[in-house]
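This is what each chain is made of:
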Amino acid sequence: MNADQTDLHLADIAGAIADRARARMLCSLLDGHARTATELAALADIGSSTASGHFRRLCDQGLVAMSSQGKHRYFRLANADVAAALEALLTVAGVARTPFRPSTPSPLRHARTCYDHCAGEVAVKLHDALLAQAWIVPEQDGYGLTDRGREALVALGVDVEQARGRRRCFAYPCLDWSERRPHLGGSLAAALLDLMSSRGWVVKDLDSRVLRVTAKGSRQCRKHFGFDIAAQAGL
């Protein structure tokens with residue numbers, strides 16, 4: 001890209017940010033949580049049809065990425081470079097960003113089932129721990145299991161080969177609707193929930209999707225995965 005093209009590209013990106021509605025949308029995504037098209041339109045105080053044009057421009061300029069899950073479209077910042085640039089602009093402007101405040105009831109937000117795998121704060125921490133320890137790595141169609149991860153999970157008691165043999169995706173990022181960050185989905189995630197349930201790390205509610213983390217589960221998550229999670233009182 002020559003100097004003239006660089007200047008034009010910079011101007012295009014600056015122009016995409018230099019709109020009050022789009023700037024508000026981008027700043028709301030700085031906390032790392034994805035938001036739906038409806039939520040972003042409401043935050044920007046614009047209609048859904050007007051918002052569609054803004055989303056298209058932000059995506060075209062590589063500022064946000066969009067993913068679909070169920071009937072919703074979720075938007076997040078495209079990468080860390082975009083976040084760093086926005087943080088710098090906020091510093092110059094002397095503006096503090098607004099933290100994300102989930103509205104999901106606390107028990108459901110803490111831990112719950114998502115089909116046959118774990119969701120909520122516990123699941124997001126588990127997902128992040130598996131990535132941080134390089135047990136799973138991003139691939140084109142989801143996540144791959146490293147040799148290190150396979151050895152660790154087999155030693156833990158997860159039937160990895162059975163999970164691989166099921167007629168479904170093995171492992172992929174599943175966007176968590178309360179945390180607005182990915183938890184682990186797929187047959188590997190289902191096998192992990194089976195393990196956590198059978199070992200008494202989590203207890204399923206009889207009449208809801210809530211999973212209650214036991215004291216044993218809290219200790220085992222710290223021991224095996226390296227993250228802290230609060231146990232429910234009395235468990």
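What you see as residue numbers is a count from 1 along each chain, following the sequence as written. The predicted origin of the model limits local features to residues at a pLDDT of at least 70 and limits the giving and counting of side-chain atom pairs to 80 or more, whereas totals for whole chains, interfaces and linings rest on all residues. The basis for every side-chain value is the complete set of non-hydrogen atoms in the structure, without hydrogens or water.

Taking an unreviewed UniProt entry as the reference, the protein is identified by name as Transcriptional regulator belonging to Stutzerimonas nosocomialis.

Engineer: So what exactly am I meant to see when it comes to the state of the cysteines here?
Structural biologist: By definition, a disulfide links the sulfur atoms of two cysteines through a covalent bond. Any cysteine sulfur atom paired with another within 2.5 Å is treated as part of a disulfide. Per the stated rule, a full pass over the model turns up zero disulfides. Here Cys59 stays unpaired: no disulfide links it, and the sulfur of Cys27, its closest cysteine neighbor, is 17 Å away. In this structure Cys59 comes out as partly exposed when scored by relative accessible area, which is 30%. Burial classification: accessible surface area is computed with a 1.4 Å probe over protein chains only, and a residue below 20% of its type maximum counts as buried, one above 50% as exposed, and the rest as partly exposed.

Engineer: What exactly am I supposed to notice about the side chain of Ser178 here?
Structural biologist: For helices the rule is a DSSP run of H or I covering at least 4 residues; for strands it is a run of E covering at least 2, with both sets numbered from the N terminus onward. Topologically, Ser178 is positioned in the loop between β8 (172-175) and β9 (182-185). By relative accessible area, Ser178 is classed as buried at 1%. Within the structure, the side chain of Ser178 is placed 3.0 Å from the side chain of Arg112, a separation counted as a polar contact. Two N or O atoms count as a polar contact when they lie within 3.5 Å, although within protein this holds only if one can serve as hydrogen donor and the other as acceptor, and sequence-adjacent residues are included solely when both atoms are side-chain atoms.

Engineer: Would you take a moment to explain helix α3 (residues 37-44) for this structure?
Structural biologist: Helical geometry note: an α-helix holds 3.6 residues per turn, so side chains three or four residues apart project in the same direction. Among the residues of α3, Ala37, Leu40, Ala41 and Ala44 are the ones counted as buried. Along α3, the residues classed as buried sweep out an arc of 100° about the axis, all on the same side. Of the exposed residues in α3, those oriented more than 90 degrees away from the buried face are Thr38 and Ala42. Two residues or fewer past α3, Asp45 is found with a positive phi of approximately 60°. The directions considered for the arc are those from the helix axis to the C-beta atoms.

Engineer: Explain the sheet that holds strand β2 (residues 64-69) here, please?
Structural biologist: As a general point, the strands of a sheet are linked pairwise by backbone hydrogen bonds and lie either parallel or antiparallel. Two strands are said to pair when DSSP picks up at least two bridges between them. Taken together, the three strands give an open sheet; going across it, the order is β1-β3-β2, and neighbouring strands pair in antiparallel fashion. Two strands bound the open sheet, and with one partner strand each, they are β1 (35-36) and β2. Both β1 and strand β3 (residues 72-77) contribute to a ladder of two bridges, which runs antiparallel. When the sheet's bridge partners are listed, Arg35 is paired in β3 with Phe75.

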